Amino acid sequence: MFVGLLLLPGLAGLMLFYVVPVFGGIYSSLMDGAFENQFVGLANYERTQQNSMFQLGLKNTWELSLLCAPVIWLLAFLLAAMLKTLKDRSTAFRNILLLPYLMPSSAMLLIWTLMFDYGGVINRMVTALGMERVLWLEGDALRVPIVLLYIWKNVGFSVVLFASALSAVHPSLYEYAALEGAGGWTQAFAGWWTQACRITLPQIMPTACLGFVLAWVNACKIFKEVYFIGGAYPSNAIYTLQHFMNNKYARLEYQDVTTAAYIFAVGVMVLFALMYLSKAVRSPNN
């Protein structure tokens, strides 16, 4: 009883700032937003889905998230598995990888714009290889620095998540694998890869699934970096769903904002449901 009373302030905040706005947004998406605020049902959803800018933003959001999330997940797993071989010496490398996640976005964007500027480091490397410079911060080419920025920023958090799970894997499994010819760095890379795929990954599968979900959710938050570099109306290659919602909000078209948000939310829930079902089908208990 006493513990329940202690939970009440947190539950009240959850209801006030999360649950109530969710149902308020659903109500708003079903109204016309006029002075009389009449009920229009799914008319707002039909109109929003036919909007060409919404379609473009939704497509780019899915593409960027489905590109960034697997790369972040795979890179984080490989880095964490490599750092595990360093044991106590891996602390400094973990801190270096986590540093971009803790840095302010303004500082990261300043570094990135200097690197990808027309006369920046990246273009100097490009010219050194005998190729022409690229306007990385304009047009369709902007997608490259945006994707690299988001991977660099978020991979450190996923590495820490994987590293905590790897610490729970018993060393005797690797010792047995080494006796069977699947050694670590002292052996061929194929041996290390066999350990990672057949021992490490199955042992940390729950954390691996959580890591993919978090990586995908973080990849959907790519709007801030794109907005700072490309503005409210960037190139069509990086125009995301958040751009559409932000521009509609600036014009006080709140019905379009909530409608777009819930259409995307349904897509996310469908994706996670498919992941859960696929995991349930592969489970030996079924």
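Residues numbered from 1 in each chain as written. Predicted model: local features only at pLDDT ≥ 70, side-chain atom pairs only at ≥ 80, totals over all residues. Heavy atoms only, no water.

1. With respect to the overall build of the protein chain
Okay, step 1: Regarding its fold elements, the protein chain presents 13 helices and zero strands.
Okay, step 2: Residue burial in the protein chain is summarised as follows: out of 286 residues, 36% are buried.
Okay, step 3: Pairs at least 24 residues apart make up 66% of the contacts formed inside the protein chain by residues separated by at least 6 positions.
Okay, step 4: With an accessible surface of roughly 17,000 Å², the protein chain has 69% of that area assigned to carbon and sulfur atoms. (Helix = DSSP H or I, 4+ residues; strand = E, 2+ residues; numbered from the N terminus. Buried < 20%, exposed > 50% of the residue type's maximum accessible area, 1.4 Å probe, protein only. Contact = heavy atoms within 4.5 Å. Areas by Shrake-Rupley, 256 points an atom, 1.4 Å probe, with all protein chains shown as cover.)

2. Notes on the packing of aromatic side chains
Okay, step 1: In this structure the tally under the stated criterion is 10 aromatic pairs.
Okay, step 2: Relative to F244, the ring of F54 has its centre 5.6 Å away and its plane inclined at 65 degrees; by these criteria the two rings are edge-to-face. Here F244 lies in helix 12 (residues 241–250) and F54 lies in helix 3 (residues 52–86), a separation of 190 residues in the sequence.
Okay, step 3: Accessibility expressed as a relative area gives 3% for F244, which makes it buried.
Okay, step 4: Judged by centre distance (6.0 Å) and plane angle (15 degrees), the rings of W73 and F77 are stacked. Of this pair, W73 and F77 are both found in helix 3, four residues apart, which corresponds to roughly one turn of the helix.
Okay, step 5: You can call F77 buried: its relative accessible area is 3%. (Phe/Tyr/Trp six-rings, centres within 6.5 Å; stacked < 30°, edge-to-face > 60°.)

3. Examining the packing of helix 3 against helix 10 (residues 205–219)
Okay, step 1: Orientation of helix 3 relative to helix 10, taken along the N-to-C sense of each, is 140 degrees, at an axis distance of 8 Å. If you check the angle between helix 3 and helix 10, you find them oblique. The two elements helix 3 and helix 10 cross, and the hand of that crossing is right-handed. Contacts from W62, S65, L66, C68, A69, P70, I72 and W73 of helix 3 reach helix 10 at A208, G211, F212, A215, W216 and A219. (Axes fitted to C-alpha atoms, helices over the stretch in contact; angles between N-to-C directions. Parallel < 35°, antiparallel > 145°, perpendicular 65-115°, else oblique. Left-handed = near helix turned anticlockwise from the far one by under 90°.)

4. Focus on the confidence of the model for the protein chain
Okay, step 1: The predicted model of the protein chain averages 80 in pLDDT, with 87% of residues at 70 or higher.
Okay, step 2: For the protein chain, the element scoring lowest by mean pLDDT is helix 8 (residues 171–179), at 66; helix 2 (residues 43–49) scores highest, at 90. (pLDDT = per-residue confidence, 0-100.)

5. Describing helix 3
Okay, step 1: With 35 residues, helix 3 should reach 51 Å at 1.5 Å per residue; the first-to-last C-alpha distance of 51 Å fits that figure.
Okay, step 2: The residue sitting at the N-terminus of helix 3 and contributing the capping side-chain oxygen is N51; that oxygen lies 2.8 Å from the backbone nitrogen of M53.
Okay, step 3: The positive-phi residue at the C-terminal boundary of helix 3 is K87, with phi of around 55 degrees. (Expected span 1.5 Å × (residues − 1). Polar contact = N/O pair within 3.5 Å; in protein donor to acceptor, adjacent residues only side chain to side chain.)

6. Some words on the side chain of S235
Okay, step 1: Inspection of the secondary structure puts S235 in the loop between helix 11 (223–230) and helix 12.
Okay, step 2: With a relative accessible area of 19%, S235 lands in the buried category.
Okay, step 3: Setting aside its immediate chain neighbours within four residues, S235 contacts G139 and D140.

7. Things to note about the pattern of salt bridges
Okay, step 1: If you walk through the whole model with that rule in mind, you get six salt bridges.
Okay, step 2: Salt-bridge contacts for E63 lead to R143; the nearest nitrogen and oxygen are separated by 3.3 Å. Taken together, the residues E63 in helix 3 and R143 in helix 7 (residues 143–166) connect sequence positions 80 residues apart.
Okay, step 3: Looking at E63, the relative accessible area reads 34%, which means it is partly exposed. (Salt bridge = Lys/Arg side-chain N within 4 Å of Asp/Glu carboxyl O.)

8. Topic: a nonpolar patch on the surface
Okay, step 1: Residues L5, L7, L8, L11, L14, L16, F17 and Y18 make up a contiguous nonpolar surface patch of about 860 Å² in total accessible area.
Okay, step 2: Relative to the helices and strands, L16 resides in helix 1 (residues 2–29). (Patch = residues over 30% accessible without salt bridge, like charges linked within 9 Å, V, L, I, M, F, W, Y side chains within 5 Å.)

9. Section: the nonpolar core
Okay, step 1: In terms of nonpolar packing, the biggest core is built from 17 residues, with F54, W216, L241, F244, M245, A260 and F264 touching the most fellow members.
Okay, step 2: Mapped by element, the contributors of at least two residues to this core are helix 3, helix 12 and helix 13 (254–282).
Okay, step 3: Sorting elements by how many residues they give to this core places helix 13 first, with six residues.
Okay, step 4: With sequence-adjacent residues up to four places away left out, F54 is seen in contact with T48, Q49, L241, F244, A260 and I263.
Okay, step 5: Formed by 16 residues, the second largest nonpolar core is a distinct cluster that contains F77, A80, V169 and L201. (Core = buried A, V, L, I, M, F, W, Y, C linked by side-chain atoms within 4.5 Å.)

10. Some details on the side chain of K153
Okay, step 1: With respect to the helices and strands, the residue K153 is situated in helix 7.
Okay, step 2: Those residues in contact with K153, other than ones at most four positions away along the chain, are P100, Y101, S105, M108, K224 and E225.

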